[in-house]
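# Geometric and topological summary
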Amino acid sequence: MRTQVAIIGSGPAGLLLGQLLGRAGIDTIILERATREHVLSRIRAGVLERGTVRLLEEAGVGERLHREGLVHTGVELAFDGDRLRLDLEDLTGGASVTVYGQTEVTRDLMEARERAGWLTVFEAQDVEIHDVETPRPSVSFTAQDGRRTLACDFVAACDGFHGIGRRTVPERVLRCFERVYPFGWLGLLTDAPPATHELVYANHARGFALLSMRSPTRSRYYVQVPLETRVEEWSDERFFTELRRRLPDAIADGLPTTPSIEKSVAPLRSFVAEPMRFGSLFLAGDAAHIVPPTGAKGLNLAAGDVHYLSNGLIEHYRERSDAGLDRYSERALARVWKAERFSWWMTSMLHRFPEMDAFAERMQRAEFDHVVSVRSAAANVADNYVGLPF
Ligand code: RFL
Ligand code: PHB
């Protein structure tokens, strides 16, 4: 087998890259470990920055996104019952975010790829990357009919945090930065109209809570929980009781208990691997970095990486220039670290940490009050939330 760009992973990063390259006439094959059904059933992100929306339009999958996505011009922060609405549109000079599930983004991209007839190999096992320090790299994998080798010009590792792309980069080259938080998020998806029109991020003495949504009839809620939490210990009743306790009364009073469709615990982590390129191997998305979900940045960062990487690859094939590829890691990382800062700050301001003393609690409150009372502070949060330009 041969292709120009071998892409590992059919999450949003891999699929979006495949779509942008394919539309530029560049041949790709995607190797995905899981089944198509598994990839399409993962419940994850919900908030798209304007830049991500623009990129999805460029990839030719903007139509359903614009029809069904919910444009949000504001977002709310709450602190022990006090509320602040950040008017994103006003504070940023016209920007907004779009609420549209990652599951839908993935489905749109996957269907567009299938319509174009570009190959994705699902259930590709034991993927190995070879010879990326030479001009003839390749990827080997086990398919249903046995071991295969895919020769290529470049390998894009879009294989998430637990993938093999990052592990292929030698230890002497790779530098990793990490912060693991002492709590997780328990998420619940339910077929009920959202309790509020906009997202609500709440800091409460009992821990963080988030009201989010997927559509006018489907809600997504989260509560901060200890890391060792087992989903089975949380009935829907218990979840909603805890969620209501952490929300301002006016919201909690109108929030009914409705049956969950899905419930899961996600740990929170900040992580960056540098550099994002090794020879002809490029890392993109969660393969290179993780943010805690508090800033809603993970999927959007993956989109940013793909923007720089697809431009670099298109330039390579069209103009025979490697300038974009040579600057890929530097450009992507500059954006990554800004989103890491924002996600870390949002997480620090909104969660209760086990080791917090009275001073730390007052500092959190002071951060909130600062955003409430100083317009430039609110504008700073809003600019980051809608996404820094790429
Ligand atoms: P993905 O989505 O993990 O896809 C990687 C793909 O690679 C495959 N794979 C392999 N394939 C072949 N061989 C191997 N060895 C392989 N190893 C792995 C996997 O099966 C998979 O299909 O990474 P990608 O594409 O980089 O996308 C990243 C995003 O999925 C992630 O950043 C977001 O979901 C993060 N995130 C959020 N991001 C946002 O922008 N806004 C949000 O509101 C938001 N909320 C969230 C989130 C993540 C969450 N969890 C569960 C971690 C909320 C939560 C709860
Ligand atoms: C979600 O809807 O899943 C969601 C929204 C905003 C976040 C994180 C997750 O910050």
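Residues numbered from 1 in each chain as written. Chains lettered and ligands numbered in written order. Predicted model: local features only at pLDDT ≥ 70, side-chain atom pairs only at ≥ 80, totals over all residues. Heavy atoms only, no water.

## A short note on the packing of aromatic side chains
All chains considered together, the criterion is met by 15 aromatic pairs. Considering the side-chain rings of phenylalanine 79 and phenylalanine 368, the 5.3 Å spacing of their centres and the 40° angle between planes classify their relative orientation as tilted. Note that phenylalanine 79 is positioned in strand S5 (residues 74-79) and phenylalanine 368 in helix H12 (residues 358-373), a separation of 289 residues in sequence. Accessibility assignment for this pair places phenylalanine 79 and phenylalanine 368 in one class, buried. An aromatic cluster is present here, built from Trp185, Tyr201, Phe208, Tyr222 and Tyr385 joined pairwise through their rings. The lysine or arginine in question, arginine 54, covers the ring of phenylalanine 390, its NZ or CZ lying 5.4 Å from the ring centre. Taking the ring centre of tyrosine 385 as reference, the NZ or CZ of lysine 297 above it sits at 5.6 Å. (Phe/Tyr/Trp six-rings, centres within 6.5 Å; stacked < 30°, edge-to-face > 60°. Helix = DSSP H or I, 4+ residues; strand = E, 2+ residues; numbered from the N terminus. Buried < 20%, exposed > 50% of the residue type's maximum accessible area, 1.4 Å probe, protein only. Lys NZ or Arg CZ within 6 Å of the ring centre and 35° of its normal.)

## Let's talk about the nonpolar core
In terms of nonpolar packing, the biggest core is built from 77 residues, with Val5, Leu16, Leu17 and Leu309 touching the most fellow members. Of the residues forming this core, the biggest block, 10 residues, is contributed by helix H10 (residues 298-319). With sequence-adjacent residues up to four places away left out, leucine 17 is seen in contact with Ile7, Ala156, Cys158, Val306, Leu309, Ser310 and Leu313. The next biggest cluster of nonpolar side chains, apart from the first, holds 38 residues, and it includes Leu91, Phe208, Phe342 and Leu350. (Core = buried A, V, L, I, M, F, W, Y, C linked by side-chain atoms within 4.5 Å. Contact = heavy atoms within 4.5 Å.)

## Points about the site of ligand 1
For ligand 1, the set of nearby residues contains 29 residues, the closest of which are Glu32, Arg42, Gln102, Asp286 and Leu299. Backbone polar atom of glycine 46 to an oxygen atom of ligand 1: 3.2 Å apart, as the coordinates give it. In this structure, an oxygen atom belonging to ligand 1 sits 3.2 Å away from a main-chain N or O atom of glycine 298. When contributions to the shell around ligand 1 are tallied by element, the ones reaching two or more residues are helix H1 (12-23) and H10. The dominant element in the shell around ligand 1, judged by the number of residues it contributes, is H10, at three residues. Counted by class, the shell around ligand 1 contains 13 nonpolar, nine polar and seven charged residues. (Near = heavy atom within 4 Å. Polar contact = N/O pair within 3.5 Å; in protein donor to acceptor, adjacent residues only side chain to side chain. Nonpolar A, V, L, I, M, F, W, Y, C, P; charged D, E, K, R; others polar.)

## With respect to empty space enclosed by the protein
Inspection of every chain in the model, using the stated rule, returns three cavities of 30 Å³ or more. In terms of lining residues, the largest cavity is bounded by Glu49, Lys297, Asn300, Leu301, Arg335, Lys338, Ala339, Phe342, Asn384, Gly387 and Leu388. Counting residues per element, the ones that place at least two in the lining of the largest cavity are H10 and helix H11 (323-350). Per-element accounting of the lining of the largest cavity gives the leading share, four residues, to H11. (1 Å grid on protein atoms, 1.4 Å probe; cavity = no way out; pocket = protein on both sides within 12 Å on 5 of 7 lines; lining within 4 Å. Points joined across faces, edges and corners; volume = space filled by probe spheres on them.)

## A few points about the sheet that holds strand S18 (residues 277-278)
The mixed open sheet is built from six strands, whose spatial order is S8-S2-S1-S12-S19-S18. Both outer strands of the open sheet, strand S8 (120-121) and S18, are each paired with one neighbouring strand and no more. When strand S12 (residues 154-157) meets strand S19 (residues 281-283), the two strands line up parallel, connected through three bridges. Bridge assignment links alanine 157 to a residue of S19, and that residue is leucine 283. Across the face of the sheet, H10 comes into contact with strand S1 (5-8), S12 and S19 while running at roughly 170° to S12. (Pairing = 2+ DSSP bridges. Axes fitted to C-alpha atoms, helices over the stretch in contact; angles between N-to-C directions.)

## Examining the sheet that holds strand S7 (residues 97-99)
Strand order in the open sheet formed by three strands is S3-S7-S4, and the pairing between neighbours is antiparallel. Bordering the open sheet on either side are strand S3 (47-48) and strand S4 (70-72), each of which pairs with just one other strand. The pairing of S3 with S7 spans two bridges and is antiparallel. Paired with leucine 48 across the strands is threonine 98, a residue of S7.

## A short note on the side chain of threonine 103
If you trace the backbone, threonine 103 turns up in helix H6 (residues 102-116). Note on threonine 103: relative accessible area 16%, which makes it buried.

## Considerations on helix H13 (residues 375-386)
An α-helical segment advances 3.6 residues per turn. Residues three or four places apart therefore align on the same side. If you check H13, its first and last C-alpha atoms are 16 Å apart, about what 12 residues at 1.5 Å a residue would give, namely 16 Å. Burial in H13 covers these residues: Ala377, Ala378, Ala379, Val381, Ala382, Asn384, Tyr385 and Val386. Residue glycine 387 follows H13 closely and has a positive phi angle near 105°. (Expected span 1.5 Å × (residues − 1).)

## Thoughts on the UniProt feature "domain: FAD-binding" (unreviewed entry) in the protein
Per the UniProt record, "domain: FAD-binding" (unreviewed entry) is found at residues 2-343. A helix fraction of 34% and a strand fraction of 32% characterise residues 2-343, whose end C-alpha atoms lie 40 Å from each other. (UniProt positions renumbered as here; feature names shortened; annotations may be inferred.)

## Digging into the side chain of asparagine 384
Positionally, asparagine 384 belongs in helix H13. In this structure asparagine 384 touches Glu49, Lys297, Lys338, Arg341 and Phe342, once residues within four positions along its chain are discounted.

## Overview of the packing of H10 against H11
Closest axis-to-axis distance for the H10/H11 pair is 9 Å, and the angle between their directions is 170°. For the element pair H10 / H11, the angle class is roughly antiparallel. Contacts between H10 and H11 involve Asn300, Leu301, Gly304, Asp305, Tyr308, Leu309, Gly312, Leu313, Glu315 and His316 on the former and, on the latter, Ala323, Gly324, Leu325, Tyr328, Arg331, Ala332, Arg335, Val336 and Ala339. (Parallel < 35°, antiparallel > 145°, perpendicular 65-115°, else oblique.)

## Quick notes on the pairing of strand S2 (residues 28-31)
The side chains of a regular strand alternate, first on one face of the sheet and then on the other. Both faces of S2 are covered, namely the face carrying Thr28 and Ile30 and the face carrying Ile29 and Leu31. The sheet contact formed by S1 and S2 spans four bridges and is parallel. Bridge pairing in S2 places valine 5 opposite threonine 28. Read as a crossover between parallel neighbours, the route from S1 over H1 to S2 is right-handed. The pairing of S2 with S8 spans two bridges and is parallel. (Right-handed = clockwise from strand over helix to strand, strands pointing away.)

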